[in-house]
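Architecture and fold: a report
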Amino acid sequence: MTKKRTLTQFLDKLIEKNCAFAIWSEPGSDEPEILLTDKKDLIYPKEFCKLNGQEGFVFAPYEVNSTTPLVLLKPGIYRKGIEEIIKIDLDEIQKNQAAASKEDEHFIIEKEVYLKDIETTIETIKTSKLSKAIISRLIPSTRGEESIGEVYMQLFEQTTNAFIYLVNLPKAGCWMGATPEVLLKSDEKTLETVSLAGTQTRRSDSDYSWHTKDIEEQAFVSRYLLDVFYQFNIHPYTTRGPETLESGKVAHLFTSFRFSAKKLSRRLGDFVAELHPTPAVCGYPKSKASKFITKIEKHNRRYYTGYLGPWQLNNSIRLFVNLRCMEITPEQYILYSGGGITARSVPEEEWEETNNKARTLLSAIEAVQNNDINQKTHSTASQLTSEQRN
């Protein structure tokens with residue numbers, strides 16, 4: 001049995017035992033990392049700024065409330081690399097009782113409704129001080145008997161330029177994703193955040209050109225980051241971009257901002273609290289966009305457009321915005337997908353953009369499901385052949 005196959009079975013067993021864990025890999029890395037934590041070592045800060053002085057792995061919602069708490073896995077069992085991860089003795093990992101079953105309502109809207117919402121958003125932008133709003137929707141996909149561990153490994157292997165993760169947490173549930181967007185990361189004495197917005201289907205020749213709408217959308221995010229820098233007296237800083245970032249089935253415009261970590265030595269939690277949510281996942285101005293989203297979206301975003309990653313774990317910060325993600329329920333995968341709407345948006349194109357963004361996860365699910373079908377077909381054919389011989 002290969003090490004990768006052993007890892008898929010290992011992850012399935014962790015989910016079966018309802019263990020609290022997070023497994024992830026950084027963009028460009030072929031070494032997943034895992035953190036396993038006892039339920040008593042999970043903490044639920046009431047506010048984003050309460051992360052000051054903490055360490056572990058953070059899984060943060062779009063908005064902290066009673067149904068979607070901010071979760072921090074404190075350091076427990078940590079391993080890096082498939083070979084080291086599969087050495088963990090599962091027999092020593094305690095099985096947790098599943099929480100009382102509760103079926104959260106997921107509002108799935110039809111295309112006509114989404115297009116109408118986009119038209120309403122465009123009209124609001126043209127007649128108010130709102131400049132941009134991110135409008136999202138849910139895309140359901142039927143879950144069969146396929147291994148969640150295999151879906152994770154498929155996503156891990158096919159999406160190299162993204163933060164790939166799988167988490168299973170009390171009060172949050174089971175989530176998987178592949179996000180390209182850095183919220184905040186550290187590199188020795190430097191911190192980096194990224195302005196990412198604008199989307200198009202990935203090209204095979206990497207020869208991209210960008211429309212005014214995409215350039216404008218990305219500029220809103222950059223402008224907001226500079227406003228936050230001003231509030232925290234962050235200067236000087238260096239920038240790289242705008243340039244194209246390819247991730248999964250799509251490509252984005254992004255600009256990187258780097259500055260001295262000394263500026264935020266004791267205020268990292270406060271900085272993240274102010275940074276999140278950025279206009280890339282909310283809109284601009286943020287307060288107006290947030291109120292508008294509450295009125296027009298029919299669903300609870302939960303952990304979509306929140307953030308996650310190592311927080312001061314091994315003296316490192318690697319926070320990513322939770323895009324290209326899905327919530328895994330017993331019967332379905334609920335994919336979350338959205339787009340940035342400006343006065344230049346075209347409703348039909350925005351619908352297609354949400355479909356394109358969902359392809360990263362759907363392609364991983366379909367690959368595993370198709371492989372299962374092929375194996376069952378081959379097994380049935382082999383059995384028939386054996387019976388014919390007899």
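Computed from a prediction, not measured in an experiment: that's the story for all the values here.

**Focus on the sheet that holds strand β12 (residues 238–247)**
Either a parallel or an antiparallel arrangement is found when strands of a sheet pair, and the pairing is made through backbone hydrogen bonds. An order of β3-β5-β4-β15-β16-β10-β11-β13-β12 is seen for the nine strands of this open sheet, with the pairing classed as antiparallel. One side of each edge strand has no neighbouring strand; the edge strands of this open sheet are β3 (42–43) and β12. Where β3 lies against strand β5 (residues 71–73), two bridges are found, and the strand directions are antiparallel. Its bridge partner being in β5, Leu-42 is matched across the sheet by Leu-73.

**Thoughts on the nonpolar core**
Core analysis: the largest hydrophobic core is formed by 60 residues, its most contacted members being Phe-57, Val-58, Phe-59, Tyr-165, Leu-169, Phe-271 and Tyr-307. Here this core gets five residues from one element, more than from any other, and that element is helix α5 (residues 212–231). Residues contacting Tyr-165, with those up to four places away along its chain left out, are Ile-23, Trp-24, Phe-59, Tyr-152, Trp-175, Met-176, Gly-177, Leu-308, Asn-322 and Cys-325.

**Here we look at the packing of aromatic side chains**
Evaluated as defined, the whole model comprises 21 aromatic pairs. Here the aromatic rings of Phe-48 and Tyr-307 are separated by 5.6 Å at their centres, their planes lie at 45 degrees, and the arrangement is tilted. Taken together, the residues span a long stretch of sequence, with Phe-48 in the loop between β3 and β4 (56–60) and Tyr-307 in strand β15 (residues 307–313) at a distance of 259 residues. Centroid distance Trp-175 to Tyr-336: 5.3 Å. Interplanar angle 35 degrees. Geometry classified as tilted. Of the two residues, Trp-175 is situated in strand β9 (residues 173–179) and Tyr-336 in strand β18 (residues 332–341); the sequence distance between them amounts to 161 residues. For Trp-175, a relative accessible area of 0% translates into the label buried. Judged by relative accessible area, which is 3%, Tyr-336 ranks as buried. Ring pairing ties together the aromatic residues Phe-59, Tyr-165, Trp-175, Tyr-303, Tyr-304 and Tyr-336, which thus form one cluster. The ring of Tyr-44 has Lys-171 sitting right over it, with the charged end atom 4.1 Å from the ring centre. In this structure, Arg-301 is placed above the aromatic ring of Tyr-62, and the distance from its NZ or CZ to the ring centre is 4.7 Å.

**Section: the packing of helix α1 (residues 3–16) against helix α4 (residues 148–158)**
Following both chains from N to C, one finds α1 and α4 inclined at 130 degrees, their axes separated by 7 Å at the closest point. Between α1 and α4, the angle is such that the two are oblique. Once α1 is placed against α4, the crossing between them reads as right-handed. Residues Lys-4, Arg-5, Leu-7, Thr-8, Leu-11, Asp-12 and Ile-15 of α1 touch α4, and the partners they reach there are Ile-148, Gly-149, Glu-150, Tyr-152, Met-153 and Glu-157. Considered class by class, the residues forming the contact of α1 with α4 number six nonpolar, two polar and five charged.

**Examining a positive patch on the surface**
On the surface, a cluster of positive charge is contributed by Lys-129, Lys-288, Lys-291 and Lys-295. Assignment of secondary structure puts Lys-291 in helix α7 (residues 286–296). According to the relative accessible area criterion, Lys-291 is exposed, its value standing at 60%.

**Thoughts on the environment of Glu-145**
Looking at the element boundaries, Glu-145 is found in the loop between β7 (132–142) and α4. A C-alpha to C-alpha distance of 12 Å links Glu-145 and Asn-370, two positions 225 residues apart in sequence.

**Side note on the state of the cysteines**
Using the criterion set out here, one finds zero disulfides in the structure. No disulfide involves Cys-174; its sulfur sits 12 Å from the nearest other cysteine sulfur, which is in Cys-19. Cys-174 sits in the buried class, given a relative accessible area of 9%. Cysteine Cys-325 is unpaired, with the sulfur of Cys-174 as its nearest cysteine sulfur at 12 Å.

**Remarks on α5**
A rise of 1.5 Å per residue sets the reference length of α5, with its 20 residues, at 28 Å; its end C-alpha atoms lie 29 Å apart and thus fit the reference within 8%. Asn-233, located one to two residues past α5, shows a positive phi value of around 55 degrees.

**What to know about unusual backbone geometry**
In this structure, the amide linkage connecting Gly-241 to the following residue, Pro-242, adopts the cis form with an omega of 5 degrees. Within the secondary structure layout, Pro-242 lies in strand β12. Cis peptide bonds are those with omega within 30 degrees of zero, and the linkage from His-276 to Pro-277 qualifies with -10 degrees. Its location among the elements puts Pro-277 in the loop between α6 (268–275) and β14 (283–284). One non-glycine residue with positive phi stands out, namely Arg-302, at about 50 degrees. Considering the arrangement of structural elements, one finds Arg-302 in the loop between α7 and β15. A residue is classified by how much of its surface remains accessible, and Arg-302, at 8% relative accessible area, is buried.

The rules behind each value
Residues numbered from 1 in each chain as written. Predicted model: local features only at pLDDT ≥ 70, side-chain atom pairs only at ≥ 80, totals over all residues. Heavy atoms only, no water. Pairing = 2+ DSSP bridges. Helix = DSSP H or I, 4+ residues; strand = E, 2+ residues; numbered from the N terminus. Core = buried A, V, L, I, M, F, W, Y, C linked by side-chain atoms within 4.5 Å. Buried < 20%, exposed > 50% of the residue type's maximum accessible area, 1.4 Å probe, protein only. Contact = heavy atoms within 4.5 Å. Phe/Tyr/Trp six-rings, centres within 6.5 Å; stacked < 30°, edge-to-face > 60°. Lys NZ or Arg CZ within 6 Å of the ring centre and 35° of its normal. Axes fitted to C-alpha atoms, helices over the stretch in contact; angles between N-to-C directions. Parallel < 35°, antiparallel > 145°, perpendicular 65-115°, else oblique. Left-handed = near helix turned anticlockwise from the far one by under 90°. Nonpolar A, V, L, I, M, F, W, Y, C, P; charged D, E, K, R; others polar. Patch = residues over 30% accessible without salt bridge, like charges linked within 9 Å, V, L, I, M, F, W, Y side chains within 5 Å. Areas by Shrake-Rupley, 256 points an atom, 1.4 Å probe, with all protein chains shown as cover. Salt bridge = Lys/Arg side-chain N within 4 Å of Asp/Glu carboxyl O. Lys, Arg positive; Asp, Glu negative; His and termini not counted. Charge placed at Lys NZ, Arg CZ, Asp CG, Glu CD. Disulfide = S-S within 2.5 Å. Expected span 1.5 Å × (residues − 1).

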